[in-house]
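# Analysis of the macromolecular model
Take a look at the letters that make up each chain.
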Amino acid sequence: MDCLREVGDDLLVNIEVSPASGKFGIPSYNEWRKRIEVKIHSPPRKGRQTGR
């Protein structure tokens, strides 16, 4: 998978989170965007990003 990358001793995973989804799950790997798609119940929080 192209969404995984090693940087030194670390492993970086490229994901795309879809908030406010009806179901929680990891439905697919998007080959075009090279990301794992994750759906969560929690609503989005305006202007907030984490994990960067």
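Preceding this paragraph is the structure being described.
No experiment lies behind these values; they were computed from the predicted model shown.

A few words now on the side chain of Asn30. Inspection of the secondary structure puts Asn30 in strand 4 (residues 25-30). Contacts of Asn30, omitting those with residues within four sequence positions, involve Arg35 and Glu37.

A few words now on the pairing of strand 4. Pairing geometry for strand 4 and strand 5 (residues 35-39), over 4 bridges, is antiparallel. Along strand 5, the bridge assignment pairs Asn30 with Arg35. Here strand 4 hands over to strand 5 after 4 residues, with Lys34 in that stretch at a positive phi of 55 degrees.

The next thing to look at is the environment of Arg45. You can see Arg45 is positioned in the segment after strand 5. What makes Arg45 exposed here is its relative accessible area of 57%. Taking the C-alpha atoms as reference points, Arg45 and Pro19, separated by 26 residues in sequence, lie 9.2 Å from one another.

Okay, the sheet that holds strand 3 (residues 15-18) next. Consider a sheet: its strands pair through backbone hydrogen bonds, and that pairing is either parallel or antiparallel. Sheet architecture is open: 3 strands sit in the order 3-5-4, paired in mixed fashion. The sheet terminates laterally at strand 3 and strand 4, the two strands that pair on one side only. The mean inter-strand angle of the sheet, taken between neighbouring strand axes irrespective of direction, is 25 degrees.

What counts, and where the lines are drawn
Residues numbered from 1 in each chain as written. Predicted model: local features only at pLDDT ≥ 70, side-chain atom pairs only at ≥ 80, totals over all residues. Heavy atoms only, no water. Helix = DSSP H or I, 4+ residues; strand = E, 2+ residues; numbered from the N terminus. Contact = heavy atoms within 4.5 Å. Pairing = 2+ DSSP bridges. Buried < 20%, exposed > 50% of the residue type's maximum accessible area, 1.4 Å probe, protein only. Axes fitted to C-alpha atoms, helices over the stretch in contact; angles between N-to-C directions.

As far as function goes, none of this settles anything; it's purely spatial.
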